[in-house]
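# Architecture and fold: a report
What follows is the residue order along each chain.
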Amino acid sequence: MHAAHSLAVITGAGISSESGVPTFRGPGGLWKNHRAQDLATPEAFARNPQLVHDWYCWRREICAKARPNPAHEAVARLEKDYKEFLLITQNVDGLHRRAGNHKLIEIHGNIFKSYCTACQHHLDQNASPAIALPLDCSQCGGRMRPDIVWFGEGYNAAQVEMAFTFLKSADLVIVIGTSGMVPMPVYLAQHAAEAGARILDINPDFSAVTKIADLHLIGPAGLIMPKLLA
Ligand code: OAD
């Protein structure tokens, strides 16, 4: 770790599970009781905007009440320790920002932001406990939707480009708490590995990342990350 100059961290839902934010897969995962195609696609929103809106309000409330855990805090410290640093997160919960990370890309968006599907008016609630983001746009009466990349939608090309560019020269990539079932983290880590980076996977379970990792530290991130820094 100390030999690395350029560090990337890639995170998934597992890093926030010890903050009380449910993961998507595995025991207690959101996709156990909900179908992604009913809640996290543009078609679902067109069919039943109120249902999708209510589900995101419920999740937003969980995220607003959650606090960054020792793993988020460790990642924030890594940003201070490494001059060349980039955090790429799939999480929309805003906990990395609240822990103090600034050099980050939220590739799936942020649950505290929404925008109007008609006039593009943007709202940013910024993890405020006053979480009632509206369904109707205050400017034009159109539908406000969460600023989240849904299934069937493309990533922000500039963000993805930035991530791949950074990873090309990274020495070390720490991947924390992702199953890799949505494959972008695996592509990112693979790209870094091919360019010479070491890959460290932190996960209590095996994942699609484990296969390409140089080292798999098995356990909860909230326990492992502070030890790794110490
Ligand atoms: P998943 O829910 O698919 O996977 C969570 C991973 O975290 C699993 O591999 C767990 O073993 C691991 N995990 C659980 N607790 C952990 C802990 N305490 N410390 C470390 N790891 C732990 O979450 P993601 O891979 O992030 O997308 O899912 C990717 C995307 O799929 C999400 O962003 C979401 C979802 O559908 C959208 O909603 C668009």
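Provided above is the structure to which this section pertains.
To keep things clear, this report deals only with the structure shown in the data block. (Residues numbered from 1 in each chain as written. Predicted model: local features only at pLDDT ≥ 70, side-chain atom pairs only at ≥ 80, totals over all residues. Heavy atoms only, no water.)

The next thing to look at is the site of the ligand. Near the ligand there are 23 residues, and of these F24, R25, T178, S179 and N203 occur at the shortest range. In the environment of the ligand, an oxygen atom lies 3.5 Å from a nitrogen or oxygen atom belonging to the backbone of G14. The separation between a nitrogen atom of the ligand and a polar side-chain atom of S17 is 3.2 Å. For the ligand, whose unbound accessible area comes to 810 Å², protein coverage reaches 91%. Class assignment of the residues belonging to the shell around the ligand gives a composition of nine nonpolar, 11 polar and three charged. (Near = heavy atom within 4 Å. Polar contact = N/O pair within 3.5 Å; in protein donor to acceptor, adjacent residues only side chain to side chain. Areas by Shrake-Rupley, 256 points an atom, 1.4 Å probe, with all protein chains shown as cover. Nonpolar A, V, L, I, M, F, W, Y, C, P; charged D, E, K, R; others polar.)

Further remarks concern helix α9 (residues 184-194). When we look at burial in α9, the residues that qualify are M184, P185, V186, L188, A189 and A192. Structurally, α9 contributes buried residues whose contacts are with β1 (6-11), β2 (84-89), α8 (157-168), β7 (172-176) and β8 (198-202). Looking one or two residues past α9, G196 carries a phi angle of roughly 110°, positive in sign. (Buried < 20%, exposed > 50% of the residue type's maximum accessible area, 1.4 Å probe, protein only. Helix = DSSP H or I, 4+ residues; strand = E, 2+ residues; numbered from the N terminus. Contact = heavy atoms within 4.5 Å.)

To continue, consider the packing of helix α6 (residues 70-81) against helix α10 (residues 221-229). At their nearest, the axes of α6 and α10 sit 7 Å apart, and the two run at 35° to each other. Where α6 crosses over α10, the handedness of that crossing is left-handed. Judged by residue contacts, P70, A71, A74, V75, R77 and L78 of α6 engage A221, G222, M225, P226 and L229 from α10. Of the residues that constitute the contact of α6 with α10, the class distribution is nine nonpolar, one polar and one charged. (Axes fitted to C-alpha atoms, helices over the stretch in contact; angles between N-to-C directions. Left-handed = near helix turned anticlockwise from the far one by under 90°.)

Shape descriptors only; they carry no functional weight alone.
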